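Listed here are the chains, written in short residue letters.
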Number of protein chains: 2
Amino acid sequence: MAVNFPLPIPSQLLPVPGIQLGFAQAGIRKADRKDLLVMALAPTATVAGVFTLNRFCAAPVQVAKAHLASAALISGMPIRALVINTGNANAGTGLPGLVAANSTCSALATLLNCEDSQILPFSTGVILEPLPVERLIAGLPAAIENLSEDNWYSAAEAIMTTDTQPKAASRQVQIGSHTVTLTGISKGAGMIMPNMATMLGFIAMNVKVSQPVLDTMIRQVAELSFNCISIDGDTSTNDAFMLIATGASDCEISDTESSDYAALVGALSSLSQELAKMIVRDGEGATKFMTIQVEQGASIPECRQVAYSIANSPLVKTAFFASDPNLGRLLMAIGKAGIADLDTGMIDVYLDDVWVVKHGGRHPDYQESDGQRVMQQNEILTRVVLARGDASAKVWTCDFSHDYVSINADYRS
Amino acid sequence: MAVNFPLPIPSQLLPVPGIQLGFAQAGIRKADRKDLLVMALAPTATVAGVFTLNRFCAAPVQVAKAHLASAALISGMPIRALVINTGNANAGTGLPGLVAANSTCSALATLLNCEDSQILPFSTGVILEPLPVERLIAGLPAAIENLSEDNWYSAAEAIMTTDTQPKAASRQVQIGSHTVTLTGISKGAGMIMPNMATMLGFIAMNVKVSQPVLDTMIRQVAELSFNCISIDGDTSTNDAFMLIATGASDCEISDTESSDYAALVGALSSLSQELAKMIVRDGEGATKFMTIQVEQGASIPECRQVAYSIANSPLVKTAFFASDPNLGRLLMAIGKAGIADLDTGMIDVYLDDVWVVKHGGRHPDYQESDGQRVMQQNEILTRVVLARGDASAKVWTCDFSHDYVSINADYRS
């Protein structure tokens, strides 16, 4: 089902010195599938994260945020490992959920000979069901057993839920005399409208980066990648995007104004966008990959508001699924975006190279056959020109198909 | 498909003295279907309206608002008729669209021997396509030919688009020595998340009401009826809810503080809620009728925000379609509603009589079999208790089915 999905090739996923990955089949929800991942970090590593803004923030997210904060405050207590389970989100689980997340950290800390607060836990899967934490903990030794720098592909498989494809990619970038390697994984595939972060995304790179610089870097990169996608407008309770600088090279980035910083952010943004787009291409039931680009707005937030209003409209998404140039629905979605002083008489809309709407009305030369031609494609760019400023924003999304309904009506069964 | 739809019985739709209805088959989009409606009013009538807040407000809505404003300002120039076409929304049509809406008014004014500004035009159907105004105008004489007080059922049929059922109902209420009759019609069935008004709703009553009182009355009533529903979260370009006081009786309401006013608003709210719920029961592809009630919020807008976040969540809607008590999705939707200081640890959630979530986590006694039992029903009440104030709000919505996708993928073909 995935749309033009760039299937990761295991041999092209580059190991990143300073991080090892181990996986296991813990049987958390289903038997015989990888559902547990441990990422073990060198003691030189720094870690930054952005997390869901959903108020029903899952227990592991609460614990991860607290541990991240304490690692940043207390020197000599760096994060040593991340542990991720699928099959259960450990969200809406109250105090027992927090206890389970803490027990997970504690068990892994014992095995790795560090403090509980040096572990970051993550979960994804069904909400409101108790986490079978004893099965998770029982799976940890097997995951540690196969820790290796070469396990990125298996790691991507181990965090899948309704994803049909593992999502992983690598980049290399020259920083001074150093060749820096960046490798990351992500997962979707529904309940996706990131608000500071996506479902799950992890990127590691073998550079030294101080905590404040890494915190700035992840926010910049998230804003241009994971925060630009939507499958269904539903923001998860468990979203997290984590950036790991393993410190396992002499390359150090200490200044956000330096050209080295810019070079690294460039490579990182490219990688993050690839991982984010993979989530959209493999969105639940997706048959089309849509880019919504809003230009000449008064501000970036306003452009994003219009782009998301289009991207999340069920009527727009079903029209794209049907390859039906029922493009009035685009105008509806622009108009309902909540921009109170929007002058619709200024707005132009393009579908790829076809000029559909001029000054708020159907372009006199627009032919439905032209719209039809573009709608047949499985990758479509919608451009909305607001003509009221110089800001712009871009959102990637997918269509709304019968399979989306099937997948989400059958998800737990 | 409609859920427990109370099919209107033509003989139970009561004529309202002072308003006559005439319909025609104008062939605006398809042949052989009623697609044109004229409502002719006594010269004693007053009319109030609430309209879509979509910035891509359709040409007829713009014209109707202007004519309504001028009727309110100039004495002796009351609204004499409403004209409604289906099959084409005349939205996103620019200047030619405005010309078409004005031509429609002009043609009907000539036939009824009044001024253009005494006519209110309404359209519903496909957006961004030119209105075949010559066919509409050619159909007007036939509609006038069959004007009658008894045509409410046919009128309800004449404004249908993807509706599977005509929507109409009546009430009678005793005001002093007068028996006042109220009859109304409405239409859905997609692109429904009213923001001041629904797709189309028209209610007439044989009372005398001054313009300022009628304006207050319609806002109060809309807030409790048409503004409490959502099919898909998409706000139409053409929404309008119109309230007509024909003045064709000696009963006069002149004071919003009077008991007569309260009695009339009671009957009107009951009728409006029935018409609004009919839209939800006949929502595109609906198999379940869901009431989302949010209680103990800090304010009514906050309660509505949470209720709509649930009502519009594709993942909640598909879970209800599947009769799957995947109720973590309710927590997700509450958490993403945008209430920044929401304390999730205080929240309780009930599904009909089943207490599912206590203090933000799964209730210890909650059994999935209980959730399953309620989910099998085709009418379900979800209650969310925020425990942070004394405001409450209610929203009616429906589920998200394969048929929703089918209907909206095939709508124009």
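Residues numbered from 1 in each chain as written. Chains lettered and ligands numbered in written order. Predicted model: local features only at pLDDT ≥ 70, side-chain atom pairs only at ≥ 80, totals over all residues.

Here we look at the overall build of chain A
Assigned secondary structure in chain A consists of eleven helices and 18 strands. Relative to the 2.2 N^0.38 estimate, which gives 22 Å for 413 residues, the radius of gyration of chain A is 22 Å and therefore close to what a compact globule would have. Seen through its C-alpha atoms, chain A measures out along the principal axes to roughly 70 × 50 × 40 Å. When burial is assessed residue by residue, chain A has 62% of its 413 residues classed as buried. Taking the intrachain contacts of chain A between residues at least 6 apart in sequence as the baseline, contacts between residues at least 24 apart amount to 82%. (Helix = DSSP H or I, 4+ residues; strand = E, 2+ residues; numbered from the N terminus. Rg over C-alpha atoms; globule rule 2.2 N^0.38 Å. Buried ≥ 20, exposed ≤ 12 C-beta atoms within 10 Å, placed from the backbone. Contact = placed C-beta atoms within 7 Å.)

Considerations on the pairing of strand β6 (residues 167-175) of chain B
Within a regular beta strand, the side chains point alternately toward one face of the sheet and then the other, so they alternate between its two faces. All names here are of chain B. Pairing of β6 with strand β7 (residues 178-187), which is carried by nine bridges, proceeds in the antiparallel orientation. Bridging from a neighbouring strand, Val-173 pairs with Val-180 of β7. Counted along the chain from β6 to the antiparallel partner β7, the turn is two residues long, and its residue Gly-176 has a positive phi close to 60°. (Pairing = 2+ DSSP bridges.)

Describing the relation of the copies chain B and chain A
Once turned by 180° and shifted 0.0 Å along the axis, chain B lies on chain A with an RMSD of 0.0 Å. Given the turn and translation reported, the copies of this chain are related as if by a two-fold rotation axis. Across chain B, the rotation axis passes nearest the C-alpha of B:His402, at a separation of 2.9 Å. (Least-squares fit on C-alpha atoms with pLDDT ≥ 70 in both.)

Overview of the nonpolar core
With 289 residues, the main nonpolar core has A:Leu37 and B:Leu37 as its most contacted residues. If we ignore the near neighbours within four places in the chain, the residues touching B:Leu37 are B:Leu21, B:Phe23, B:Ile84, B:Ala143, B:Ala155, B:Ala158 and B:Ile159. (Core = buried A, V, L, I, M, F, W, Y, C linked by C-beta atoms within 7 Å.)

Notes on the confidence of the model for chain A
Do not read the fine detail of predicted coordinates wherever pLDDT is low. Residues and elements named next belong to chain A. Chain-level statistics for chain A give a pLDDT mean of 92 and a share of 97% at 70 or above. Taken element by element, chain A is modelled with least confidence in strand β10 (residues 229-230), mean pLDDT 83, and with most confidence in helix α3 (residues 133-145), mean pLDDT 98. Our summary of model confidence lists the complex with pTM equal to 0.86 and ipTM equal to 0.84. (pLDDT = per-residue confidence, 0-100.)

Observations concerning the sheet that holds strand β11 (residues 240-245) of chain B
Residues and elements named next belong to chain B. Spatial strand order, β3-β11-β8-β7-β6: five strands in an open sheet with mixed pairing. What marks the edges here is a single partner per strand, and that holds for β3 (46-51) and β6. Going from strand to strand, the sheet's axes swing by 15° on average, the running direction of each strand aside. For β3 and β11, the ladder comprises six bridges, and the chain directions are antiparallel. (Axes fitted to C-alpha atoms, helices over the stretch in contact; angles between N-to-C directions.)

Observations regarding the environment of A:Gly297
Residues and elements named next belong to chain A. Its place among the elements puts Gly-297 in strand β13 (residues 289-297). With 25 C-beta atoms counted inside 10 Å, the residue Gly-297 sits in the buried group. Among residues more than four places away in sequence, those in contact with Gly-297 are Glu-302, Cys-303, Leu-386, Arg-388, Gly-389, Ala-391 and Ser-392.

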